[in-house]
Amino acid sequence: MNNKSKCLIFVVSLLCLLNTASAYTPPKGIPAPPFGIDEPTYNSATHCPNWPSAANSKAGGQSYDCYYVDNSVSCTDSGNTYGYPNNPRCTLPEGSLTAGAYMDVRGGRTTPYTCGGDRCDWRGIGTATDYILISGAKASQKPILSEWVHIGNGGSASYLIFENFEIQPTTGGLQIRPGWDGENFDHISIRNNVMHGSGNFKSYEHFLGGVDQSLYPNSSASYLVFYNNESYDAGQWNAPSEDDTCSFIISGKTSYMWVVDNVAYRSGGDGVAGSHGANRTSDHYYIGRNILYQHRENCIDIKEVNDVIISENICYNQRPSSSSAGEGIVIHYGKNSVGPNRAWVIFNTIYNVEKGIQINSTKGDGYIIGNVIYDINHTTGTSQAILAYSMPKVYVVDNTIYDYDTGIKFDNVVAGQTFIAHGNILSNRAEATAYEIYVPTGTSYVDLDYNLVYYPSGSAAFGWWSSTQRNLTYIQGQGECSHCNEGDPLFENVMSKNFTLKSSSPAINANIKHNVYNTFYSLYGISI
């Protein structure tokens, strides 16, 4: 092989490596979206070749419509439909955009942008390669929009990216939804934006995607992505009465929605709320690796959807309000008396909340796997790290729970239901009169095994068909927890919240793999 061939192979290999390295790595158990994260901002030199000295448009014979807006320099809209770097527009062109359209927006910091009417609205049909891109060109100096954004007002939208803006509306936020019945949306990405709320009561400055099926029965949405956005002060997080302004809202009639790698705090409702009246018209919601805290209600609250995966989120600092018990993650039924089916709450970290995870879906199965939950306390000693009830099947598997009132509570279990707690570590209960695992009724339909329990001030406690505290020996005498153990799990450093197990931990090699992992793979083709 000659040196030229060797060099060619090296260059190709390097390019492949770089492409692989730059590809998005999704949270555990969540597939990467097919569109909306890895797509680059267009290179204006090739996409808009007439720039900087002339306009670039399809009407002028070029391949794409390119818009250049900058109100921080000399600019004009007069006779200047598109703008270009040497002659920018002053205002944002709105309405329908063509495939491959690129809007490069600068300025907007000293004088925020406004739009016609009460909102900025865009729509248009792009393709996977010729997507519509509305871009604040400088991510570090995001242009400010002082009105809310509506994707899809007056027409459908497909393959559209909206990125790098700071939105400061007095109401409305950013919404992907129909303006009229029959409008549809697919492959829309909202990425790298900041939603700066007003902090006013019921101001509704949220990121929203989906369809209200009662208003738009002939519309639908699919493949929507909210990635790497920040939301704060949406609504009034410390309001004395219910506000219900959420940071992110997932509506109905939506298939495949990603809310990933965002930061949201101080909202008047939930960090992420979804499908409260969707009646299972929506499916495949992926809520992953978000940082969520100090919301008036919950970090995450999901209802009435099929196949929701909530993975690797960090949730903390939630306290009760007039409309919430202060749960971190809630999966439950909505106004149609059905909740999610196949709800997976996996590998999240939840701490300093009133209750960790609550799941109660009257017609669906739930899976709570691999979460780390700690510092779950209530002044009256009645909090639970995990609370499950009114479910056909619940699997609580391989979670680590530390410093809690009650660790796991299976409530109101009845015939025909299956509740399983397998492979969990429960350590350092804070409430002397509470329990590691509490099952007040229906113990015949509960299976406990391979759990490690530890109470430093005495024996681990179980509530089994009564409120009387029972020890592990008693539970094993009832035919349960035959492979459970009691002892210090030997975490690496609980002071720094490092719950990795030391090599000498009694939990190592004391568990067996539960079948829920095979179930997940068979449903979604992803190994967790």
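Preceding this section is the structure that the text describes.
Below: a short report on this structure. Predicted, not measured: the structure shown is a model, and the values here were computed from it. (Residues numbered from 1 in each chain as written. Predicted model: local features only at pLDDT ≥ 70, side-chain atom pairs only at ≥ 80, totals over all residues. Heavy atoms only, no water.)

Points about the overall build of the protein
Assigned secondary structure in the protein consists of four helices and 44 strands. With the C-alpha coordinates aligned to their principal axes, the bounding extent of the protein is approximately 85 × 70 × 40 Å. Going through the 528 residues of the protein one by one, you find that 56% of them count as buried. The long-range fraction of contacts in the protein, counting pairs at least 24 apart against all pairs at least 6 apart in sequence, stands at 73%. Element-wise, carbon and sulfur atoms account for 48% of the exposed surface of the protein, whose accessible area totals about 20,500 Å². Taking the 32 positively charged and 47 negatively charged side chains of the protein as two groups, their mean positions are separated by 3 Å. (Helix = DSSP H or I, 4+ residues; strand = E, 2+ residues; numbered from the N terminus. Buried < 20%, exposed > 50% of the residue type's maximum accessible area, 1.4 Å probe, protein only. Contact = heavy atoms within 4.5 Å. Areas by Shrake-Rupley, 256 points an atom, 1.4 Å probe, with all protein chains shown as cover. Lys, Arg positive; Asp, Glu negative; His and termini not counted. Charge placed at Lys NZ, Arg CZ, Asp CG, Glu CD.)

Thoughts on the environment of Y285
The topology assignment puts Y285 in strand 20 (residues 283-288). Judged by its relative accessible area of 0%, Y285 is buried. Along the backbone, Y285 and A343 are 58 residues apart, and their C-alpha atoms lie at a distance of 9.5 Å. In contact with Y285, other than residues within four places in its own chain, are I250, S251, T254, M257, S275, V305, D307, V308 and I309.

Some thoughts on the pattern of salt bridges
The tally for this structure, following the rule as stated, stands at 14 salt bridges. Measuring nitrogen to oxygen at the nearest pair gives 3.7 Å for the salt bridge that ties D77 to R89. Taken together, the positions of D77 in the loop between strand 1 (66-70) and strand 2 (95-96) and R89 in the loop between strand 1 and strand 2 put the pair twelve residues apart, joining distant regions of the chain. Note that D375 and K497 form a salt bridge whose closest N and O atoms lie 3.6 Å from each other. Pair noted here: D375 is in strand 30 (residues 372-376) and K497 is in the loop between strand 43 (491-493) and strand 44 (498-501), with a separation of 122 residues, a long-range link. In this structure D375 comes out as buried when scored by relative accessible area, which is 19%. (Salt bridge = Lys/Arg side-chain N within 4 Å of Asp/Glu carboxyl O.)

Quick notes on the nonpolar core
One finds W122, F162, L174, F410 and L448 to be the most contacted residues of the largest nonpolar core, which totals 87 residues. Once residues lying within four places of it in the same chain are set aside, the contact partners of L448 are F410, A421, I437, F462, W464, I475, E480, C481 and S482. Counting residues in each nonpolar core, the second largest holds 21 residues, with I37, V225, W258 and F347 among its members. (Core = buried A, V, L, I, M, F, W, Y, C linked by side-chain atoms within 4.5 Å.)

Notes on the environment of K393
Mapped onto the elements, K393 comes out in strand 32 (residues 393-397). For the pair K393 and G179, spaced 214 residues apart in the sequence, the C-alpha separation amounts to 40 Å. Setting aside residues up to four positions removed in sequence, K393 forms contacts with G364, D365, G366 and T418.

Quick word on the packing of aromatic side chains
Applying the stated criterion across every chain yields a total of 34 aromatic pairs. With centroids separated by 4.7 Å and ring planes inclined at 20°, the aromatic side chains of F162 and F165 adopt a geometry described as stacked. You'll find F162 and F165 in the same group, each marked buried. Taken together, a centroid distance of 6.2 Å and an interplanar angle of 80° make the contact between W344 and Y524 edge-to-face. Linking W344 in strand 26 (residues 341-346) with Y524 in helix 4 (residues 516-524), this pair joins segments that are 180 residues apart in sequence. (Phe/Tyr/Trp six-rings, centres within 6.5 Å; stacked < 30°, edge-to-face > 60°.)

Describing helix 4
All buried positions along helix 4 are accounted for by V516, Y517, F520 and Y524. Across the axial projection of helix 4, the buried residues extend over an arc of 105°, all falling on one side. Backbone geometry just after helix 4 places G525 at a positive phi near 70°. (Arc of directions from axis to C-beta.)

Regarding the pairing of strand 33 (residues 400-404)
Counted residue by residue, strand 33 has five buried out of five residues, so it is predominantly covered. In this structure, strand 30 lies alongside strand 33, joined through four bridges in parallel fashion. When the sheet's bridge partners are listed, V372 is paired in strand 33 with T400. Pairing between strand 33 and strand 36 (residues 425-427): three bridges, direction parallel. Note that in strand 36 the partner of Y402 across the bridge is S427. (Pairing = 2+ DSSP bridges.)

So, the state of the cysteines
For the structure shown, the criterion picks out five disulfides. At a sulfur-sulfur separation of 1.9 Å, the disulfide partner of C115 is C120. Of note, the bridge from C115 to C120 carries an S-S torsion of about 90° and is right-handed in sense. For the pair C115 and C120, a shared accessibility class is recorded, and that class is buried. Residue pairing for C481: its cysteine sulfur links by disulfide to C484, the two sulfurs lying 2.0 Å apart. Judged by the sign of its S-S torsion, about -70°, the bond between C481 and C484 is left-handed. A relative accessible area of 1% means that C481 is categorised as buried. C299 supplies the cysteine sulfur nearest to C246, a cysteine that is in no disulfide, at a spacing of 12 Å. C246 gets classed as buried once you look at its relative accessible area, which sits at 4%. (Disulfide = S-S within 2.5 Å.)

Some words on the side chain of N424
Within the fold, N424 resides in the loop between strand 35 (418-422) and strand 36. Excluding residues within four positions of it along the chain, N424 makes contact with V396, V397, D398, N399, I408, Y450, N451 and L452.

A look at the environment of I346
Mapped onto the fold, I346 is located in strand 26. Judged by its relative accessible area of 0%, I346 is buried. Expressed as a C-alpha distance, the spacing of I346 and G370, which sit 24 residues apart in the sequence, is 5.6 Å. Not counting residues up to four positions away in its chain, the partners in contact with I346 are K28, G29, I309, I310, S311, E312, I369, N371, F520 and I528.

A word on the pairing of strand 8 (residues 157-163)
Most of strand 8 sits out of view: seven of its seven residues are buried. Bridge analysis of strand 4 (residues 119-125) against strand 8 gives two bridges, and the strand direction is parallel. What sits directly across from G124, in strand 8, is A157. Relative to strand 8, strand 5 (residues 132-136) is paired through four bridges, and the arrangement is parallel. Each residue of the ladder has a partner; that of I132, found in strand 8, is L160. Pairing analysis gives six bridges linking strand 8 to strand 11 (residues 184-191), with the strands arranged parallel. Opposite S158, over in strand 11, you have D186 as the bridge partner.

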